[in-house]
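Now for the letters of each chain:
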Amino acid sequence: MSDDPLAVTPRLGLGTMGIDDADRIAAAIETGYRHLDTAQIYENEAVVGRGVERASVERADLSLATKVWADSLAPDDVLASTRESLSELGVGYVDLLYVHRPIDTYDPEATLPAFDRLREEGRVRAVGVSNFDAEQVAAAREILDAPLAANQVEMHPLYQQDALLADAQRHGYALVAYSPLAQGEVFDVPEVREIAEKHGATPAQVSLAWLAGKDNVVPIPRSASDDHLRENLAALDLELDAADVAKIESIDREQKLFE
């Protein structure tokens, strides 16, 4: 097991919320995705597990992430619900286990040691948090014995998360970007469209390339078709120049989609 917390987050992953077809998961793996992100609240861990089983890629070559929902963050519930997640996924461990949201039953001093215990037992390779602000991340880092591997947050050209990105780069964890296409809103952003036309790319690829080009950022787009699976993955081959990046970062609009 690598001591580098970033080792469990390849440069681009697949968000699986809403995916209920195991063949879609298997197709993503065959296309080249190696990081799969699910959650207890998505109610599709079994679907993801069946997709992993159907694919030709070895389990050890994949990075699987899931999240403990807010009603299961008391210590005993963390342990019990994670065992259930592993059973649903059909695996002996997950590469990354998140606190899904710091609400409801979340108590840093009680919750996080349970995550450390799962890592010590080998059921979890790395520990992450999700939807945490910088102050909450700092508190978690103080309590955890394990290095913090990731903070998963909404991030896209219309919600750029500069402060959290600086914190992630300063402390060596990944900022995992969910909804990296702003649920399709980036397709109609003039700056993004102009850059896409310049490079003969799609607006989706521009948004993903902008995110993946940043140190410590890992976008996890969803995809509803094989064509989009390939299109999104090809964003890693798109090189934006400094003018492109400056144009995106000058967008005078902020739109947060999730509270």
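Going along each chain's sequence as written, the residues are numbered from 1 onward. Local features in this predicted model are restricted to residues whose pLDDT is 70 or higher, and side-chain atom pairs enter the listing and the counts only when it is 80 or higher, whereas totals over whole chains, interfaces and linings include all residues. With hydrogens and water excluded, all non-hydrogen atoms of the structure serve as input to the side-chain values.

Going by what an unreviewed UniProt entry lists, the protein is known as Aldo/keto reductase and is assigned to Halorussus limi. UniProt positions are given in the numbering used here, feature names are shortened, and annotations may be inferred rather than shown by experiment. Word for word, the UniProt comment on the protein under Sequence similarities (unreviewed entry) is "Belongs to the aldo/keto reductase family."

J.: Account for the overall build of the protein, with residues named and values stated.
T.: By definition, any uninterrupted DSSP run of H or I lasting at least four residues is a helix, any uninterrupted run of E lasting at least two residues is a strand, and each is numbered from the N terminus. Helices and strands together make up the secondary structure of the protein, namely 10 helices and 8 strands. Judged by the C-alpha coordinates and their principal axes, the protein covers about 55 × 40 × 30 Å. Only protein chains enter the area calculation, which uses a 1.4 Å probe; residues under 20% of their type maximum are buried, those over 50% are exposed, and those in between are partly exposed. Here the protein holds 259 residues, and 54% of them are scored as buried. Any two residues whose heavy atoms approach within 4.5 Å at even a single point are treated as in contact. The long-range fraction of contacts in the protein, counting pairs at least 24 apart against all pairs at least 6 apart in sequence, stands at 75%. Each charge sign in the protein was given a centre, from 23 positive and 48 negative side chains, and these centres are 3 Å apart. Under this rule, positive means Lys or Arg and negative means Asp or Glu; His and the chain ends count for nothing. Every charge is mapped to an atom, namely NZ of Lys, CZ of Arg, CG of Asp or CD of Glu.

J.: Which residues make up the UniProt feature "domain: NADP-dependent oxidoreductase" (unreviewed entry) in the protein, and what values go with them?
T.: Mapped onto this numbering, the UniProt entry annotates "domain: NADP-dependent oxidoreductase" (unreviewed entry) at residues 12-252. For the annotated span residues 12-252, helix accounts for 44% and strand for 16% of the residues, and the straight-line distance between the end C-alpha atoms is 26 Å.

J.: How would you explain unusual backbone geometry if you had to name every residue and give the values?
T.: In this model, Glu43 sits at a positive phi of 60 degrees, which is unusual for a non-glycine residue. Glu43 gets classed as exposed once you look at its relative accessible area, which sits at 74%. The phi dihedral of Ala182 falls on the positive side, at around 50 degrees, and the residue is not glycine. Relative to the assigned elements, Ala182 resides in the loop between β7 (174-178) and α7 (190-199). Look at Ala182 and you get buried, because its relative accessible area is 0%.

J.: Any details on the nonpolar core? Residues and values, ideally.
T.: Judged by nonpolar contacts, the single largest core of 71 residues is most densely connected at Leu14, Ile25, Ile29, Leu36, Val99, Phe115 and Leu175. With 6 residues, the top contributor of residues to this core is helix α8 (residues 203-212). Sequence-distant contacts of Leu14, defined by excluding residues within four places in its chain, comprise Ile19, Ile25, Ala28, Tyr33, His35, Leu36, Asp37, Ile220, Pro221, Arg222, Ser223 and Leu229. As used in this record, nonpolar core signifies buried Ala, Val, Leu, Ile, Met, Phe, Trp, Tyr and Cys residues forming a set joined through side-chain atoms within 4.5 Å. Ala150, Val176, Tyr178 and Ile220 belong to the second largest nonpolar core, which has 12 residues in total.

J.: Break down the packing of aromatic side chains for me, with residues and values.
T.: Here a pair means two rings of Phe, Tyr or Trp (six-membered ring of Trp) with centres within 6.5 Å. Their orientation is stacked below 30 degrees between planes, edge-to-face above 60, and tilted elsewhere. Per the stated rule, a full pass over the model turns up 2 aromatic pairs. Between Tyr106 and Phe132, the ring centres sit 5.5 Å apart and the planes meet at 70 degrees, which makes this aromatic pair edge-to-face. Of this pair, Tyr106 sits in the loop between β4 (94-99) and α4 (108-120) while Phe132 is found in the loop between β5 (124-130) and α5 (134-143), placing the two residues 26 residues apart along the sequence. Here the two residues Tyr106 and Phe132 agree in accessibility, since each one is buried. Plain terms: the ring middles of Tyr178 and Phe258 are 5.6 Å apart, the flat faces sit at 70 degrees to each other, and that makes the pair edge-to-face. Taken together, the positions of Tyr178 in strand β7 and Phe258 in the segment after α10 (242-249) put the pair 80 residues apart, joining distant regions of the chain. With a relative accessible area of 23%, Phe258 lands in the partly exposed category.

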